[in-house]
Amino acid sequence: MIKVKNLYKSYRNQGKTQQVLNDINFEVPAGQVFGIIGKSGAGKSTLIKCLNLLERPDSGEIIIDGIDLTKITSNELRVQRQQIGVIFQHFNLLNSKTIFDNVALPLILHGNHDKAQIKAAVQEMLQLVGLEDFANKYPASLSGGQKQRVGIARALITKPKLLLSDEATSALDPQTTASILDLLLEINRKLGITIALITHELEVVRKICDKVAVIDGGRIIELGNAVDVLLHPREALTRKLIVEEETDKYLENVQQFYQFEKNANRHLLLLSFVGETTYQPLLSIVAKEANVEFSILRGELGRIKDTPFGQLLVEFEGGEDGLSLAKSVMTRLGVHYETIY
Ligand SMILES: Nc1ncnc2c1ncn2[C@@H]1O[C@H](COP(=O)(O)OP(=O)(O)O)[C@@H](O)[C@H]1O
Ligand SMILES: [Mg+2]
């Protein structure tokens with residue numbers, strides 16, 4: 001559905017050229033949800049703007065549904081853009097227009113629809129996002145979550161195949177975020193729409209993403225299935241974004257009632273279990289085989305999209321041999337571990 005090849009983009013700032021995207025390559029199969037994460041200034045928004053050519057790349061290919069958007073005329077581009085819906089962090093609604101008119105806007109701009117068609121399409125969209133009674137209200141009377149639902153209805157009214165989202169839930173509280181993510185997932189599943197989204201919230205990636213790219217300094221530094229990247233990040237920065245943030249949370253919590261003792265006979269590990277292994281008595285197997293003892297300091301069961309996972313912060317105690325044996329048993333059993341100390 002999306003194929004980005006050798007994408008470069010620079011801006012000129014006060015006479016200096018700043019390379020903002022550097023040889024970006026990725027593919028997103030139709031129907032998947034693709035998350036792009038990274039620090040502020042990494043180039044995420046620029047990348048998403050390149051996907052519908054709101055920003056024109058310096059070079060490279062942006063192939064959406066088989067068509068390279070960089071190689072077509074502006075008229076053809078206008079047609080192709082109808083295949084691409086966009087939602088924004090601050091919703092970008094027109095405050096002087098009703099919800100009905102906001103949602104209808106893309107069809108009105110398009111010009112090819114009569115009143116009855118527009119009315120039916122708006123009603124269908126408002127129903128999809130759960131706002132069928134809001135047609136005559138104005139944006140000012142809506143909550144943030146409702147405004148984003150309007151944004152989603154407007155983005156989908158042209159029946160796009162691809163939805164782009166730039167921090168669509170960043171201005172929302174956690175509960176509203178969860179309900180918007182549920183809606184996006186429902187749209188993804190019901191309508192089969194491919195979604196590419198930017199977020200700095202790990203929760204978003206966990207809940208709805210199939211694949212994820214980590215971008216830093218305009219380069220993709222890590223790319224893979226959400227389960228792999230979230231549970232076993234390879235790059236230092238990804239680890240910082242994901243593992244350390246999580247681990248720090250664990251440690252802070254645990255340290256309130258538990259004193260760590262750093263010595264050669266004790267190792268603190270963060271274990272991850274994915275899929276089937278999540279529900280097996282792996283720790284007792286490890287303890288028996290390696291003759292080590294363990295205390296579970298913190299645990300979590302969750303899901304990354306559809307895949308169940310468990311994470312445990314475990315302190316093992318045993319001789320150095322026991323500890324390295326424990327690690328090799330875990331590797332054999334498919335338990336991934338990060339050594340904290
Ligand atoms: N229109 C622009 N003109 C000049 N520089 C820009 C423009 N848009 C973004 N930049 C610069 O490009 C870099 C990446 O920005 P952006 O893509 O917005 O990052 P992110 O969304 O990851 O925070 C930043 O250094 C930013 O200042
Ligand atoms: Mg941004």
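As shown above, the structure is provided for reference.
This is a predicted model, so every value here is computed, not measured.

## A closer look at empty space enclosed by the protein
Rolled over the atoms, a probe with the dimensions of a water molecule shows which regions are left empty.
Here comes step 1: Within the structure shown, the criterion is met by two cavities of 30 Å³ or more.
Here comes step 2: If you add up the space inside the second largest cavity, you get close to 60 Å³.
Here comes step 3: If you trace the second largest cavity, you find it lined by Ser165, Glu167, Ala168, Thr169, Leu181, Leu184, Leu197, Ile198, Thr199 and Val204.
Here comes step 4: At the level of elements, helix H6 (174-191) and strand E8 (194-198) are the ones that each hand at least two residues to the lining of the second largest cavity.
Here comes step 5: Broken down by class, the residue content of the lining of the second largest cavity amounts to six nonpolar, three polar and one charged.

## Overview of helix H4 (residues 115-128)
Here comes step 1: For H4, which comprises 14 residues, the first-to-last C-alpha distance of 20 Å matches the rise-based estimate of 20 Å (1.5 Å per residue) to within 8%.
Here comes step 2: Taken together, the buried positions of H4 are occupied by Ile118, Ala121, Val122, Met125, Leu126 and Leu128. Down the axis of H4, the buried side of the element spans an arc of 155 degrees, and every buried residue falls inside it. Turned more than 90 degrees away from the buried face of H4, the exposed residues are Ala116 and Gln127.
Here comes step 3: One side-chain oxygen of the residue at the start of H4 lies 3.2 Å from the amide nitrogen of alanine 116, identifying that residue as aspartate 114.
Here comes step 4: A positive backbone phi angle near 75 degrees is found at glycine 130, which sits one or two residues after H4.

## A few points about helix H5 (residues 144-156)
Here comes step 1: Over its 13 residues, H5 runs 18 Å from end to end, which matches the ideal 18 Å to within 8%, given 1.5 Å per residue.
Here comes step 2: Within H5, ten of the 13 residues are buried, which leaves the element mostly enclosed by the surrounding structure.
Here comes step 3: Among the residues of H5, those classed as buried are Gly145, Gln148, Arg149, Val150, Gly151, Ile152, Ala153, Arg154, Ala155 and Leu156.
Here comes step 4: The inward-facing, buried residues of H5 contact strand E6 (84-88), helix H3 (99-110), H4, strand E7 (162-166) and H6.

## Some details on the sheet that holds strand E3 (residues 33-37)
Here comes step 1: Pairing within the open sheet is mixed, and its six strands lie in the order E6-E7-E8-E3-E9-E10. Looking at strand neighbours, the two that pair on one side only are E6 and strand E10 (219-225), the edges of this open sheet. Ignoring strand direction, the axes of neighbouring strands in this sheet form an average angle of 15 degrees.
Here comes step 2: As paired elements, E3 and strand E9 (residues 211-216) share four bridges and run parallel to each other. Residue pairing in the sheet places phenylalanine 34 in a bridge with lysine 211 of E9.
Here comes step 3: Across the sheet, helix H1 (residues 44-51) lies against E3, E6, E7, E8 and E9, angled at about 150 degrees from E8, the strand it touches most.
Here comes step 4: Running over the sheet, H5 touches E6 and E7 and is turned about 165 degrees from E6.

## Details of the site of ligand 1
Here comes step 1: Every residue near ligand 1 is listed here: Tyr11, Asn13, Gln18, Val20, Lys39, Ser40, Gly41, Ala42, Gly43, Lys44, Ser45 and Thr46.
Here comes step 2: Within the side chain of asparagine 13, a nitrogen or oxygen atom sits 3.5 Å from a nitrogen atom of ligand 1.
Here comes step 3: Within the side chain of threonine 46, one N or O atom sits 2.6 Å away from an oxygen atom of ligand 1.
Here comes step 4: Protein burial of ligand 1: of its 560 Å² of free accessible surface, 66% is covered by the chains.
Here comes step 5: Listed by contribution, the elements that provide at least two residues to the shell around ligand 1 are strand E1 (2-13), strand E2 (16-28) and H1.
Here comes step 6: Take the shell around ligand 1: its biggest share by element is three residues, from H1.
Here comes step 7: Of the residues assigned to the shell around ligand 1, the class counts are three nonpolar, seven polar and two charged.

Cut-offs applied
Note that residues are indexed from 1 along each chain, following the sequence as it is written. Working convention: letters from A go to chains and numbers from 1 go to ligands, in the order in which they are written. Under the rules for a predicted model, residues below a pLDDT of 70 receive no local features and side-chain atom pairs below 80 are neither given nor counted, while totals for whole chains, interfaces and linings still include all residues. Side-chain metrics in this entry use all non-hydrogen atoms of the structure; hydrogen atoms and water are not considered. A pocket, in this scheme, is an open set of points on a 1 Å grid over the protein atoms alone with protein on both sides within 12 Å along at least 5 of 7 lines, while a cavity is a set where a 1.4 Å probe fits but cannot get out; residues line either one if an atom lies within 4 Å of a point. Grid points are joined across faces, edges and corners, and a volume is the space filled by probe spheres set on the points. Strands are runs of DSSP state E lasting at least 2 residues, helices are runs of H or I lasting at least 4, and numbering of each runs from the N terminus. Each residue receives one of three labels: charged for Asp, Glu, Lys and Arg, nonpolar for Ala, Val, Leu, Ile, Met, Phe, Trp, Tyr, Cys and Pro, and polar for the others, Gly being one of them. Between the first and last residue of a helix there are one fewer steps than residues, each counted as 1.5 Å, and that sum is the expected span. Burial here depends on accessible area, computed with a 1.4 Å probe over protein chains only, as a share of the maximum for the residue type. Under 20% is buried, over 50% is exposed, and the range in between is partly exposed. By arc we mean the arc of the directions from the helix axis to the C-beta atoms, nothing more. We define a polar contact as two N or O atoms separated by no more than 3.5 Å, with the added condition that, inside protein, one atom must be a possible hydrogen donor and the other a possible acceptor, whereas residues neighbouring each other in sequence contribute only through side-chain atom pairs. Here a residue-residue contact requires only that any non-hydrogen atoms of the pair lie within 4.5 Å. What makes two strands pair is DSSP finding at least two bridges between them. An axis is simply a line fitted to the C-alpha atoms; with a helix, the fit covers only the stretch in contact. Between two such axes, the angle follows the N-to-C directions and lies from 0 to 180 degrees. Nearness of a residue to a molecule or strand requires only that one of the residue's heavy atoms be within 4 Å of it. Working definition of accessibility: Shrake-Rupley area with a 1.4 Å probe, residue cover restricted to the visible protein chains.

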